[in-house]
There are 2 protein chains.
Amino acid sequence: MERQEFDEIILKNAESFFDYFRLACIAVRNEKVAETSAFLEKTFEKLGAKKVEHYREEGANPVVFAEFSGKSKETILFYNHYDVQPPEPVEEWNSDPFEPTIEDERLIVRGACDDKGELVMRLALLKYFNEHGGLPVNVKFFVEGEEEVGSPNVEKYIQAHLDELKCDACIWEGGQKDANERFEIVGGLKGIVAFEAEVKTSNGDLHSSKSCYAPNAAVRLTKGLASLFDDSGKILVEGLNLTEDSLDRTERALVKKMRCNQKELKENDGIIEDLITDDVSSALVCEPSLSINGLSAGYEADGIKTIIPGFAKAKLDCRLAPCQDPEESFEKIQAQLEKNGYPDIRLTYLTGQPGYRSDVHSPFVKMVLKQAEEIFGADGTSYVLNSPIAGPAYAFGRNLKVPIAGFGIGYPGQKMHAPNENIRLRDFCDAAWYLKCLLEKYR
Amino acid sequence: MERQEFDEIILKNAESFFDYFRLACIAVRNEKVAETSAFLEKTFEKLGAKKVEHYREEGANPVVFAEFSGKSKETILFYNHYDVQPPEPVEEWNSDPFEPTIEDERLIVRGACDDKGELVMRLALLKYFNEHGGLPVNVKFFVEGEEEVGSPNVEKYIQAHLDELKCDACIWEGGQKDANERFEIVGGLKGIVAFEAEVKTSNGDLHSSKSCYAPNAAVRLTKGLASLFDDSGKILVEGLNLTEDSLDRTERALVKKMRCNQKELKENDGIIEDLITDDVSSALVCEPSLSINGLSAGYEADGIKTIIPGFAKAKLDCRLAPCQDPEESFEKIQAQLEKNGYPDIRLTYLTGQPGYRSDVHSPFVKMVLKQAEEIFGADGTSYVLNSPIAGPAYAFGRNLKVPIAGFGIGYPGQKMHAPNENIRLRDFCDAAWYLKCLLEKYR
């Protein structure tokens, strides 16, 4: 089939699922969860699923599971989520956030890329295969409803349905063309641990005339946190600040091919100071990083209040290389603070998620990459060993013991989580064509 | 005259000025300024002042000046202020904040010690001398109305009236018995400089997945501020962190006699961690200190927000030894930050005041100290070379070139600036008796 004909079919198919965008399922507010999961069950049934179920754990949003039979014996598992970010600030949208709007060859709607548009593309492709010779491979869908609140129950769901979720590879929720317009495939995600740091030096604030003898909580916190960073701002925690020099030649070449342009990054991110590394690609893939997300102590309003704060706190997160464990990493940070002389800074674990990285030498990853190069050319394809973003990929990769690859319909201007979230129709068709060709490899 | 008879007279005299407490002159809200300064002018006139004036500068609260003739040719200048702190929180007062209330041998009212009660004691003593043989020495009063907002115009007023304010010594606004119930005389004040520190690393916050390459304003601020403190929390600024080892034997002995008890200080201040010095007395008198008054960056509310703050700020103050200049000290701190590698942390000067310390060998200070020892005993007297608190003493000491001594009617439980501000009537009489005896030395 010609690309042009395919594109027309796939866009037409997609439109038949646009009601999905109209369901404002916002997990953080517990809105439209039942309606949206029911819509998906019905949709999978209509598309001819062999099996449709919803998994439901007490206090968690349901996961919609569906299974379709294909011609080969291998099975691909799709991970998606049906919840979206709140639309606010609504006044900054140029159209109704929950009404799919086509303008200037773009689809504008909440969830256009994250993550309803990705599922719509997959559904449109299922419909295409139904009408053009059948599915080349078995596929399963795992569509959860809590991704925007941190996927707290995904691993529990997977472990409860290990047999049913059995597969040969997992295709992640989405992806995009990169800043160089290359089709990007992502083989994993970094881990994360988020925590708070608190220190109390006195029961209440003191007059700063006492500063010559009284300890200052803001000074203690400042000194302690500063001891975790080197002069450039990189992490200084024993046993944590590894840079993964265990990458092999293939992996190194893939990292090198990422071509992160320092000047471009600074401009895009509005960064004023120097970057903290010269090798951004390696840092994004291999290195853990530590952020102070927030600082708070004493008097912060206008004017002067000459006090010694008795209490100070900070919020931090640590992005982990895929090989690092969140709880162990947290303990290393606490231990480093103690070793540096700050046992009084108490850390509280808030949340953590391990990372995951697919074996780049697995036949699936090789096939994924080869297929992309066949369509987009070697220069038009980028493989990212793992993204610096966190997500529940480990729950699939580690429990199901399969490689994972993410790719999709987005582009750098997609405004994910922001007003006027959008995708370009061209990218939608490119990703659908790519996925069609990939699945046909199994025939 | 016997002490008992004197005490009865002085308390009765004091009561005749209680309307002064009823005038709620709150400078920060510009309340009752004209009424209170007019009340004082009339009061001074009634007491037989040779001259009463009010100094008035555009945009400043008036200073009430009064001059009384005594029997010797020397002149004592009293510094007081007629403004008080707001009474809030009013619900925590056990009686009307502006109605003088005697309870349990205490006078409870806003301004009981700071500073109306001190002036009332001086006025009661004037009345006593009027009725008992006349004033032994010339006295002048300088009563300002902006002390609670930092005395921004005092030096201007002094410089405009240098001739009129000529005197041989200045008696400061107040004082107290110390924690060991010793009558405390203070010979000066520390200086202060207050400033803000700000750093901006990007135009807005960034997603913390970028933390492996993007600078973090909170990390920059933390690192920079931490570089200004040693591990114990003491100041580390070249040319600023002097400890005044130029004290002579007399001065050293006076510092030693201060007897600051570490355990007691920790208990009274509710301090949880170790003090930052073993020699609190020296630190209070001689050493500059640096406080972080407040810290603020990024996300500080509940929960998690994984961002890199693009902006971070802190408020700081530096208490200065009496020999240090506020602006020079500020420049040294900025220079140290630059030297430590943090030229991106911009400091903004907010306010500053030099300190002042009287020459402990001046005849006036010697007389003040000797008089206290005669009444309270050597063990019952404490001389503090300078208090760690700031105030406009330098404006009198440096411009009028006279020694300054502060002492008064307070005690550690006086709740200055707080609800139920109070003095003990016994201390009021002790201070009045002491001042009577001191002034009689001039006869």
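The residue numbering used here restarts from 1 in each chain and proceeds along that chain's sequence as written. A letter from A marks each chain and a number from 1 marks each ligand, given out in the order of writing. Where local features are concerned, this predicted model is filtered to residues with pLDDT of at least 70; where side-chain atom pairs are given and counted, the filter is 80 or more; whole-chain, interface and lining totals use all residues. To get the side-chain values, all heavy atoms of the structure are used, and hydrogens and water are removed first.

Going by an unreviewed UniProt entry, chain A carries the name M20/M25/M40 family metallo-hydrolase and comes from Ligilactobacillus ruminis.

1. A look at the overall build of chain A
Put simply, DSSP H or I for four residues or longer makes a helix, DSSP E for two residues or longer makes a strand, and each gets a number counted from the N terminus. Scanning chain A from terminus to terminus reveals twelve helices and 19 strands. Principal-axis analysis of the C-alpha atoms gives chain A an extent of 80 × 50 × 45 Å. A total of 443 residues make up chain A; the buried ones form 63% of that total. The contacts of chain A with a sequence gap of at least 6 include a subset with a gap of at least 24, amounting to 80%. Here chain A has roughly 17300 Å² of accessible surface; of this, 47% comes from carbon and sulfur atoms. Remark: exposure states derive from per-residue accessible area (1.4 Å probe, protein chains only) relative to the maximum for the residue type, with buried under 20%, exposed over 50%, and partly exposed in between. Any pair of residues with heavy atoms lying within 4.5 Å of one another is described as a contacting pair. Note that accessible areas follow from Shrake-Rupley with a 1.4 Å probe, and for residues the cover is restricted to the protein chains shown.

2. A look at the interface of chain B and chain A
Contact residues are listed per partner, giving 74 residues for chain B and 74 residues for chain A. Throughout, the accessible surface (probe 1.4 Å) given up by two parts as they are put together, summed over both, is called the buried area. Regarding the contact of chain B and chain A, the summed buried area is about 5800 Å², with carbon and sulfur atoms giving 57% of it. Taken as a group, Cys212(B), Tyr213(B) and Leu295(B) account for 13% of the area that chain B buries against chain A, more than any other trio of residues on that side. Residues adjacent in sequence count toward polar contacts only when both atoms are side-chain atoms; beyond that, a polar contact is any pair of N or O atoms within 3.5 Å, and within protein one must be able to donate a hydrogen and the other to accept it. Applying the counting rule to chain B against chain A returns 40 residue pairs in polar contact (both at pLDDT 80 or more). With ten residues, strand E12 (residues 289-298) of chain B is the largest single contributor of residues to the side of chain B that touches chain A. Of the residues assigned to the side of chain B that touches chain A, the class counts are 35 nonpolar, 21 polar and 18 charged. All residues other than Ala, Val, Leu, Ile, Met, Phe, Trp, Tyr, Cys, Pro, Asp, Glu, Lys and Arg, Gly among them, are scored as polar; the first ten of these are nonpolar and the last four charged.

3. A short note on the packing of helix H1 (residues 3-15) of chain B against helix H12 (residues 425-440) of chain B
All names here are of chain B. Here an axis means a line fitted to C-alpha atoms, over the contact stretch when the element is a helix, while the angle between two N-to-C directions is reported on a 0 to 180 degree scale. Relative orientation of the contacting elements H1 and H12 amounts to 105°, with a least axis distance of 10 Å. Considering their axes alone, H1 and H12 lie roughly perpendicular with respect to each other. Where H1 approaches H12, its residues Arg3, Phe6, Asp7, Ile10, Leu11 and Ala14 are matched on the opposing element by Leu425, Phe428, Cys429, Asp430, Ala432, Trp433 and Lys436. Its residues assigned to classes, the contact of H1 with H12 shows nine nonpolar, no polar and four charged. For classification purposes, an angle smaller than 35 degrees is called roughly parallel, one larger than 145 roughly antiparallel, one from 65 to 115 roughly perpendicular, and anything else oblique.

4. Some remarks on the relation of the copies chain B and chain A
Our superposition of the copies is a least-squares fit, built on the C-alpha atoms of residues whose pLDDT is at least 70 in both. When chain B is brought onto chain A, the operation consists of a screw motion whose angular component is 180° and whose axial shift is 0.0 Å, with 0.1 Å RMSD remaining. The operation mapping one copy onto its partner corresponds to a two-fold rotation axis. The fraction of interface residues of chain B whose copies in chain A are also interface residues reaches 100%, indicating that both copies meet through the same surface.

5. Examining the sheet that holds strand E1 (residues 51-55) of chain B
Working definition: the strands of a sheet are paired by backbone hydrogen bonds and lie parallel or antiparallel to each other. Residues and elements named next belong to chain B. Being paired, for any two strands, means DSSP has found at least two bridges between them. Spatial strand order, E1-E2-E6-E3-E7-E18: six strands in an open sheet with mixed pairing. Here the strands that pair on one side only, and so sit at the sheet edges, are E1 and strand E18 (404-405). Direction of pairing for strand E7 (residues 169-171) relative to E18: parallel, over a ladder of two bridges. Note on E18: the bridge partner recorded for Cys170 is Ile404.

6. Concerning the nonpolar core
Working definition of a nonpolar core: buried Ala, Val, Leu, Ile, Met, Phe, Trp, Tyr and Cys residues. They are joined through side-chain atoms within 4.5 Å. Of all hydrophobic cores here, the largest spans 88 residues; its most connected members are Phe44(A), Phe68(A), Ile76(A), Phe141(A) and Phe364(A). In terms of residues, this core owes the most to one element, helix H12 (residues 425-440) of chain A, which gives eleven residues. When sequence neighbours within four positions are dropped, the list of residues in contact with Phe44(A) reads Ala49(A), Val52(A), Val64(A), Ala66(A), Phe68(A), Leu123(A), Phe141(A) and Val143(A). Phe141(B), Ala405(B), Cys437(B) and Tyr442(B) belong to the second-largest nonpolar core, a separate cluster that totals 87 residues.

7. Some remarks on a negative patch on the surface
Where like charges cluster on the molecular surface, the negative patch consists of Asp325(A), Glu327(A), Glu328(A) and Glu331(A). Relative to the helices and strands, Glu331(A) resides in helix H9 (residues 326-339). Think of a patch as exposed residues, more than 30% relative accessible area, with no salt bridge, where like charges cluster within 9 Å and nonpolar side chains (Val, Leu, Ile, Met, Phe, Trp, Tyr) cluster within 5 Å. The salt bridge definition used is simple: a Lys or Arg side-chain nitrogen within 4 Å of an Asp or Glu carboxyl oxygen. Positive charges come from Lys and Arg, negative ones from Asp and Glu, while His and the chain ends are left out of the count. Lys charges are placed at NZ, Arg charges at CZ, Asp charges at CG and Glu charges at CD.

8. Re the sheet that holds strand E4 (residues 101-103) of chain A
All names here are of chain A. Strand order in this open sheet of three strands is E4-E5-E19, and the pairing throughout is antiparallel. Of all the strands in the sheet, just E4 and strand E19 (422-424) have a single pairing partner and so form its edges. Ignoring which end each strand starts from, the neighbouring axes of this sheet average 25° apart. Pairing of E4 with strand E5 (residues 106-108) involves three bridges; the strand directions are antiparallel. The partner of Thr101 across the bridge, within E5, is Ile108. In the packing of H12 onto the sheet, contacts are made with E4, E5 and E19, and the angle to E19 comes to roughly 70°.

9. Considerations on the side chain of Arg319(A)
Residue placement: Arg319(A) occurs in strand E14 (residues 311-320). Separated by 2.7 Å, the side chains of Arg319(A) and Ser208(B) make a polar contact.

10. So, the pairing of strand E3 (residues 75-81) of chain B
Residue and element names in this part refer to chain B. For E3, the buried fraction is high: seven of the seven residues fall into the buried class. Across the two faces of E3 the burial is the same, with Thr75, Leu77, Tyr79 and His81 and Ile76, Phe78 and Asn80 all buried. Two elements, E3 and strand E6 (residues 138-144), share seven bridges in a ladder whose sense is parallel. Paired with His81 across the bridge in E6 is Glu144. Note: E3 against E7, three bridges, orientation parallel. Across the sheet, Phe78 pairs through a bridge with Ile171, a residue of E7.

11. Side note on the environment of His207(A)
In this fold, His207(A) is placed in strand E11 (residues 206-207). Classification of His207(A) by relative accessible area gives partly exposed; the value is 36%. When the C-alpha atoms of His207(A) and Lys223(A) are compared, they prove to be 21 Å apart, with 16 residues separating the residues in sequence. With near-sequence residues (within four places) excluded, His207(A) lies in contact with Thr306(A), Ile308(A), Arg319(B) and Ile389(B). Here the side chain of His207(A) touches Ser209(A) through a polar contact of 2.9 Å, side chain to side chain.

12. Some points on helix H3 (residues 116-131) of chain A
All names here are of chain A. The end-to-end C-alpha distance of H3, which contains 16 residues, comes to 23 Å, matching closely the 22 Å that a straight helix rising 1.5 Å per residue would cover. Counted residue by residue, H3 has 13 buried out of 16 residues, so it is predominantly covered. Taken from the residues just after H3, Gly133 is the one with a positive phi, measuring 95°. Expected helix span is given by 1.5 Å per residue-to-residue step, counting one fewer step than there are residues.

13. Section: the domain arrangement of chain A
All names here are of chain A. Throughout, the edges of the domains are those of an automatic or database domain assignment. One can read the domain layout of chain A as domain 1 (3-189 + 355-440) and domain 2 (191-249 + 276-353). Counting residues at the interface gives 16 residues for domain 1 and eleven residues for domain 2. Buried surface at the junction of domain 1 and domain 2, summed over both partners, amounts to about 1100 Å²; 48% is from carbon and sulfur atoms. Viewed at the interface, domain 2 and domain 1 are joined by five residue pairs in polar contact (both at pLDDT 80 or more). For the side of domain 1 that touches domain 2, the secondary structure elements donating two or more residues are strand E16 (356-357) and helix H11 (393-400). Split by residue class, the side of domain 1 that touches domain 2 holds eight nonpolar, six polar and two charged.

14. Side note on helix H7 (residues 262-269) of chain B
Its side-chain oxygen 2.9 Å from the backbone nitrogen of Lys263(B), Asn261(B) forms the N-cap of H7(B). Gly270(B) lies just past H7(B) and shows a positive phi near 65°.

15. Describing the pattern of salt bridges
Residue and element names in this part refer to chain A. Applying the stated rule across the entire model yields 62 salt bridges over all chains. Note that Arg3 and Asp7 form a salt bridge whose closest N and O atoms lie 3.0 Å from each other. Taken as a pair, Arg3 and Asp7 lie in helix H1 (residues 3-15) at a separation of four residues, close to a single helical turn. Its relative accessible area of 18% is what places Asp7 among the buried residues. Residue Glu287 is joined to Lys234 by a salt bridge in which the shortest nitrogen-to-oxygen separation is 3.1 Å. Note that Glu287 is positioned in the loop between helix H8 (280-286) and strand E12 (289-298) and Lys234 in the loop between helix H5 (217-226) and helix H6 (249-256), a separation of 53 residues in sequence. A relative accessible area of 23% means that Lys234 is categorised as partly exposed.

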